[in-house]
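Below are the chains, spelled out letter by letter.
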Amino acid sequence: MAAFGETIFAEMTRLAEHTGAINLGQGFPDTDGPPFLLAEAARYLTEGVNQYPPGYGREELRTAIAADRQERYGLAYDPATEVYITVGATAGIAASILALVEPGDEVVLFEPMYDSYSAVIALAHGVRRPVTLRPSPDNGRYTFDPDELAAAITPRTRAIIVNTPHNPTGTVFTADELAWIARLCRENDLVAVTDEVYEHLTFDGTPHLPLAALPGMAERTLSVSSAGKTFSVTGWKIGWVTGPEPLVRAVATVNQYLTFTANGAQQLAVATALRHGMDWVSEQRDALHAKRDRLVAGLAAAGFQVHPPQGTYFVMADIRPLGYDDGLTFVRTLARRAGVVAIPAQVFYADERHGRHLVRFAFCKRDDVLDEAAARLRAWGDR
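In the nomenclature of an unreviewed UniProt entry, the protein is known as Aminotransferase of Thermobifida fusca TM51. The heading Sequence similarities (unreviewed entry) in the UniProt record of the protein holds the text "Belongs to the class-I pyridoxal-phosphate-dependent aminotransferase family." UniProt, in the comment section headed Cofactor (unreviewed entry), describes the protein in these words: "pyridoxal 5'-phosphate".

Written out as structure tokens, the structure is:
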């Protein structure tokens, strides 16, 4: 792990604290989740739910997840053997890759990519095979070249990681794109690990489609999601993995020696929220939609080139109109001179020479914070 060092998120958060800059870098809301959810967790804590929950997670939460998957996507999972609770989606992804990948096995994934993917592939002694997402000249939406994806698969390929809605680009894979991925998985006997933590945060009527729901994919897909992004409680670290029993059992076998289990009271609260609190999630999505538009307008007014994302709570912005071509230099300058922190997109690529002209901003913040950040950026851009 020596090649990885400190994450860019830690560096940028520290820079925000040191300079007093507004932190639009790390993706966490600056408000709490729904009051009913917090009250439920507090009730369970005071009622004595403070010891280890079962290794697979509380039955109440596994049952609620299975019911939600069935109702929402038509996916049938046995809550006893095909739903597994993890300490956040990050742990679910890590345990999945460590369970599937042997030394020398290749893992195909899309870049720019969430940074934990590369680290866990390295821990498994696997080989990363990135396929680059590029913005369409028509609408700025990031997508992949089907031929490039097919060419990335070799006899050594074991798995593919599919993140949709996608962090950091905000793209949501279409039915045609997912069908192409599914076809390649079936033809090459690949296992898919899907990161779907932003599944409820899509905008402009864009639907989220789970890869596992496509023909022939339920038996070869491990789907990962979480309560953190859905209910704005990222610090709770409640994630889950769903899939066929043999693959979920492999994940559990690995994870019992990593994080094992945690957060029984919060698990019970999330179970209640999945059954009765999804109206709040719809309202949160609508609020984030407005925040997206608010920040996109502010960035455009400051001189960035930017296209509205279809999902997540991140916006990718091109810094070249402002006279910069290196994101890392730019974000360090931005924090000190404009008082706003962003993340340089080049850290999300296997080769950091790519994506140097892009930075990522998070819009999951209060409106007054977004307005102040936009005002600072405009003032700095007019310098």
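Once the structure has been displayed, the description carries forward.
1. Observations concerning the UniProt feature "domain: Aminotransferase class I/classII large" (unreviewed entry) in the protein
Feature annotation in UniProt assigns "domain: Aminotransferase class I/classII large" (unreviewed entry) to the following positions: residues 21-377. Here residues 21-377 runs as 40% helix and 17% strand, with 11 Å between its end C-alpha atoms.

2. Describing the environment of phenylalanine 304
Within the secondary structure layout, phenylalanine 304 lies in the loop between helix H11 (278-301) and strand E11 (305-306). Ignoring sequence-local partners within four residues, the contact set of phenylalanine 304 consists of Leu299, Ala317, Asp318, Ile319, Leu322, Phe330, Val359, Phe361 and Leu377.

3. Side note on the environment of proline 344
Of note, proline 344 is situated in strand E14 (residues 343-344). Since its relative accessible area comes to 0%, proline 344 is described here as buried. Separated by 110 residues in sequence, proline 344 and threonine 234 place their C-alpha atoms 22 Å apart. Beyond its immediate sequence surroundings of up to four residues, proline 344 is in contact with Ile8, Gly327, Leu328, Val331, Leu358 and Val359.

4. Re the sheet that holds strand E2 (residues 83-87)
In spatial order, the strands read E2-E10-E9-E8-E7-E3-E4; together these seven strands make up an open sheet with mixed pairing. What marks the edges here is a single partner per strand, and that holds for E2 and strand E4 (127-132). Going across the sheet, the axis of each strand differs from the next one's by a mean of 25 degrees, ignoring polarity. For strand E7 (residues 157-163) and strand E8 (residues 191-195), the ladder comprises five bridges, and the chain directions are parallel.

5. Let's talk about the packing of H11 against helix H13 (residues 367-381)
Relative to each other, H11 and H13 sit at 10 degrees, their axes nearing to 8 Å. With respect to their mutual orientation, H11 and H13 come out roughly parallel. Contact with H11, carried on its side by Lys291, Arg294, Gly298, Leu299 and Ala301, involves Asp367, Leu370, Asp371, Ala374, Leu377 and Arg378 of H13 and no other residues of that element. Looking at the contact of H11 with H13 residue by residue, the class counts come to five nonpolar, one polar and five charged.

6. A look at the packing of aromatic side chains
Applying the stated criterion across every chain yields a total of 16 aromatic pairs. An angle of 80 degrees between the planes, with centres 5.5 Å apart, marks the rings of phenylalanine 304 and phenylalanine 361 as edge-to-face. Placement of the pair is phenylalanine 304 in the loop between H11 and E11 and phenylalanine 361 in strand E15 (residues 358-362), with a sequence separation of 57 residues. Residue phenylalanine 304 is classed as buried on the basis of its relative accessible area of 5%. The exposure class of phenylalanine 361 is buried, given its relative accessible area of 0%. On the numbers, 5.0 Å between centres and 70 degrees between planes, the contact of tyrosine 324 with phenylalanine 330 is edge-to-face. A relative accessible area of 18% places tyrosine 324 in the buried class.

7. What about the pattern of salt bridges?
The final tally for this structure, using the stated rule, is 27 salt bridges. For arginine 14, the salt bridge identified is with glutamate 6, shortest N-O distance 2.8 Å. Taking the relative accessible area as the measure of exposure, glutamate 6 reaches 47% and is therefore partly exposed. Measuring nitrogen to oxygen at the nearest pair gives 2.6 Å for the salt bridge that ties arginine 320 to aspartate 318. Exposure remark for arginine 320: the relative accessible area of 48% places this residue in the partly exposed category.

8. Topic: a nonpolar patch on the surface
Residues Met1, Phe4 and Leu123 make up a contiguous nonpolar surface patch of about 300 Å² in total accessible area. Relative to the elements of secondary structure, phenylalanine 4 occurs in the segment before helix H1 (8-19).

9. With respect to the packing of helix H4 (residues 88-100) against helix H5 (residues 115-123)
The interhelical angle for the contact between H4 and H5, taken along N-to-C directions, is 35 degrees, at an axis separation of 9 Å. The handedness of the crossing between H4 and H5 comes out as right-handed. For the pair H4 and H5, the contacting residues are Thr90, Ile93, Ala94, Ile97 and Leu98 in the first and Ser116, Tyr117, Val120, Ile121 and Leu123 in the second. The residue makeup of the contact of H4 with H5, split by class, is eight nonpolar, two polar and no charged.

10. Here we look at the sheet that holds E11
Strand order in the open sheet formed by four strands is E11-E12-E15-E14, with antiparallel pairing between adjacent strands. The sheet is open, and its two edges are formed by E11 and E14, each paired on a single side. Those strands touched by helix H12 (residues 327-337) are E14 and E15, and its axis lies near 45 degrees from that of E15.

11. Quick notes on the side chain of threonine 13
One can find threonine 13 in helix H1. On the basis of relative accessibility, which here comes to 18%, the residue threonine 13 falls in the buried class. Among the polar contacts listed, one links the side chain of threonine 13 to the backbone oxygen of phenylalanine 9, at a separation of 2.9 Å. Discounting chain neighbours no more than four positions away, the residues touching threonine 13 are Asn23 and Gln26.

What counts and how
- Residues numbered from 1 in each chain as written.
- Predicted model: local features only at pLDDT ≥ 70, side-chain atom pairs only at ≥ 80, totals over all residues.
- Heavy atoms only, no water.
- UniProt positions renumbered as here; feature names shortened; annotations may be inferred.
- Helix = DSSP H or I, 4+ residues; strand = E, 2+ residues; numbered from the N terminus.
- Contact = heavy atoms within 4.5 Å.
- Buried < 20%, exposed > 50% of the residue type's maximum accessible area, 1.4 Å probe, protein only.
- Pairing = 2+ DSSP bridges.
- Axes fitted to C-alpha atoms, helices over the stretch in contact; angles between N-to-C directions.
- Parallel < 35°, antiparallel > 145°, perpendicular 65-115°, else oblique.
- Nonpolar A, V, L, I, M, F, W, Y, C, P; charged D, E, K, R; others polar.
- Phe/Tyr/Trp six-rings, centres within 6.5 Å; stacked < 30°, edge-to-face > 60°.
- Salt bridge = Lys/Arg side-chain N within 4 Å of Asp/Glu carboxyl O.
- Patch = residues over 30% accessible without salt bridge, like charges linked within 9 Å, V, L, I, M, F, W, Y side chains within 5 Å.
- Areas by Shrake-Rupley, 256 points an atom, 1.4 Å probe, with all protein chains shown as cover.
- Left-handed = near helix turned anticlockwise from the far one by under 90°.
- Polar contact = N/O pair within 3.5 Å; in protein donor to acceptor, adjacent residues only side chain to side chain.

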